[in-house]
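Working through the structure, step by step
One-letter residues, chain by chain:
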Amino acid sequence: MADRTKLFFLCFCLGALLGLTGCGLSQQSKFQKELLPEPPATPLSASMIKAPAVTVEPRLFVRDTPAILAPPQPPPFSLRAQALVERAGRHFEQGRKYYRAKNTRLARREFDTALDLMLEASDHPIMDRDALARRLEQMVDSIHRYDLAGLGSGAVEEPGFEAAPLEDILEMTFPVDPKLKSKVKAQLEATASQLPLQVTDEVLGYIHHFSHRGRRTLIAGLERSGRYKPMIQRILDEEGVPQELIYLAQAESGFRPRAVSRMRATGMWQFMAARGREYGLVRTPYTDDRLDPEKATRAAARHLRDLYTQFGDWYLAIAAYNCGPVTVERAVERTGYADFWELRRRRVLPAETTNYVPIILAMTIMAKNAEAYGLDEIQPDPPAEYDTLEVTAPTHLKLVADLTDAPLSELMELNPALLKGVAPAGFALHVPRNTADTLVAALEMIPPDRRASWRIHKVSGGETLAAIGKIYGTAPRTIAAANQLSAEGPVEGDQLLIPVSSAAPKKALSRTRRSRRTARR
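Note that the structure is a prediction, hence the values are computed from the model and not measured.

Observations concerning the overall build of the protein chain
Secondary structure summary: the protein chain contains 22 helices and eight strands in total. Taken across its 521 residues, the protein chain has 53% of its residues classed as buried. Look at the contacts in the protein chain between residues 6 or more apart in sequence, and 74% of them connect residues 24 or more apart. Total accessible area computed for the protein chain in this model is approximately 24100 Å², and 51% of it derives from carbon and sulfur atoms.

Listed below in structure tokens is the structure:
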């Protein structure tokens, strides 16, 4: 969960004015009211909301708009922070309007912008950080409820997202097995590691957890790591950071490229949008570089290297990766200690961050001593192998699947950065190994302005143009004209161009649904 400044807020109210999980009732209603500002003076026009407006029950999410008796007083923020918070509120409100108009793409954009602005506000002088923390927590909870109600579920051809696997345990502690301490200390004496390894009760608690209740989660991540481990190891080496930092991806996402946290941290390395932009991870309506395993790994390695340069300590760098460098910097300034364990003991870091570092150490120790923990027989997934080509025109993945005989689910898995089923012009498309040359030649048969919608159909024995047209919702004469067919029609083995509309054909729709279920397993 790169750039865990957001989690700096969510954890503030648990200790020393930094825990975010608690929220007093009197303050809660106050700031919930502030969270939902009055609509902007200029209403959204029909041209701004492309989808038709729909009637929505006024109590869709009743907790979004609680009633209070007294008007709220503005929190004592700096002028700059207050301006950012107010802008965040306006974007949040517009996101709600877009959602109610069924325009989920614009709703997500507005919600993401609102969260980015709230996080930016934290970098400015704020007297009452608890107030800002509560405001952010309420916004996150509201967006999460919209997510559960269908935000982003979109068209069937859009790939799905997955929950970050360890979010729920980052604020938990676990019992320590007394027998473990001497065993682990002996293991460390014989363990080579670029990252300093230290045994504490917190580390032992997580080793105990991952040996029992959390074992399935640990094993699932280690299995999935096989797809990306060679690439990650290469990039960590090129960027000059410890190889053991690969376990941040295990903790962040379980090596799921399309993992999304409750705070909208996204991708294998869980970048927030603002931090991702700092390291060149670009978002467009069609793509999100945070979801690209290689680009995100490069950005994460550089971010971690920068954090180590700033703090001179890998534990503090890892902590800053989780909660943001500003949070760690202020904790060091307040206490005078540039030592993670001392900052943890003094409870001046977010609760999640104080557990994040022990989790990384526990996973590292266990993986480096796999036989001792029964992990030596795990069979990692085979490394991802693919060809890459730059598409010169918007190209639908279904067309690529037709031309390469690859399942649509495989193409989605190879291209997790695609937000839709269409690769935009200039996109570096990953396709199965040894298929790029054939695909390039086949695409030349299709007009560039038709590659986002047209399909290729391989004729089976006995198929007629009428039967094929029924599959895709295309008139037989249209198929015949596109392929310059003579009166006798197609023969078995022919590959036909199929002009189709933007609507998904019946068979393709069924195939996509199956692919999405497969991709989520």
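Observations regarding the packing of aromatic side chains
Counted under the stated rule, the structure contains six aromatic pairs. Between Tyr-308 and Trp-314, the ring centres sit 4.3 Å apart and the planes meet at 15°, which makes this aromatic pair stacked. On the basis of relative accessible area, Tyr-308 is assigned to the partly exposed category, the value being 33%. Of the residues examined, Trp-314 reaches a relative accessible area of 11% and is grouped as buried.

Some details on the packing of helix H20 (residues 465–472) against helix H21 (residues 476–483)
How two helices sit against one another is set out by the angle between their axes and by the gap between those axes. At their nearest, the axes of H20 and H21 sit 8 Å apart, and the two run at 105° to each other. Judged by the inter-axis angle, H20 sits roughly perpendicular to H21. Contact with H20, carried on its side by Leu-465, Ala-466, Ile-468 and Gly-469, involves Pro-476, Ile-479 and Ala-480 of H21 and no other residues of that element. Looking at the contact of H20 with H21 residue by residue, the classes come out as six nonpolar, one polar and no charged.

Some thoughts on the packing of helix H6 (residues 180–189) against helix H7 (residues 201–211)
It is the contact of H6 with H7, at a shortest axis distance of 11 Å, that shows an interaxial angle of 100°. When the axis of H6 is compared with that of H7, the two are roughly perpendicular. Contacts between H6 and H7 involve Leu-180, Lys-181 and Val-184 from the first element and Asp-201, Leu-204, Ile-207 and His-208 from the second. Here the contact of H6 with H7 is composed, by residue class, of four nonpolar, one polar and two charged.

What about the pattern of salt bridges?
According to the stated counting rule, one finds 20 salt bridges in the structure shown. Between Asp-112 and Arg-283 there is a salt bridge; the shortest N-O distance is 2.9 Å. In this pair, Asp-112 is assigned in helix H4 (residues 104–121) and Arg-283 in the loop between helix H11 (273–278) and helix H12 (293–311), connecting sequence segments 171 residues apart. Under the relative-accessibility criterion, Arg-283 is labelled partly exposed at 33%. What emerges from the salt-bridge pattern is a single network uniting Arg-234, Glu-238, Glu-239, Glu-294, Arg-298, Arg-302 and Arg-305.

Re the side chain of Thr-364
You can see Thr-364 is positioned in helix H16 (residues 351–368). Reaching out from Thr-364, the side chain makes a polar contact with the backbone oxygen of Ile-360 at a distance of 2.8 Å. Not counting residues up to four positions away in its chain, the partners in contact with Thr-364 are Leu-197, Glu-244 and Tyr-247.

Reading guide: rules and limits
Residues numbered from 1 in each chain as written. Predicted model: local features only at pLDDT ≥ 70, side-chain atom pairs only at ≥ 80, totals over all residues. Heavy atoms only, no water. Helix = DSSP H or I, 4+ residues; strand = E, 2+ residues; numbered from the N terminus. Buried < 20%, exposed > 50% of the residue type's maximum accessible area, 1.4 Å probe, protein only. Contact = heavy atoms within 4.5 Å. Areas by Shrake-Rupley, 256 points an atom, 1.4 Å probe, with all protein chains shown as cover. Phe/Tyr/Trp six-rings, centres within 6.5 Å; stacked < 30°, edge-to-face > 60°. Axes fitted to C-alpha atoms, helices over the stretch in contact; angles between N-to-C directions. Parallel < 35°, antiparallel > 145°, perpendicular 65-115°, else oblique. Nonpolar A, V, L, I, M, F, W, Y, C, P; charged D, E, K, R; others polar. Salt bridge = Lys/Arg side-chain N within 4 Å of Asp/Glu carboxyl O. Polar contact = N/O pair within 3.5 Å; in protein donor to acceptor, adjacent residues only side chain to side chain.

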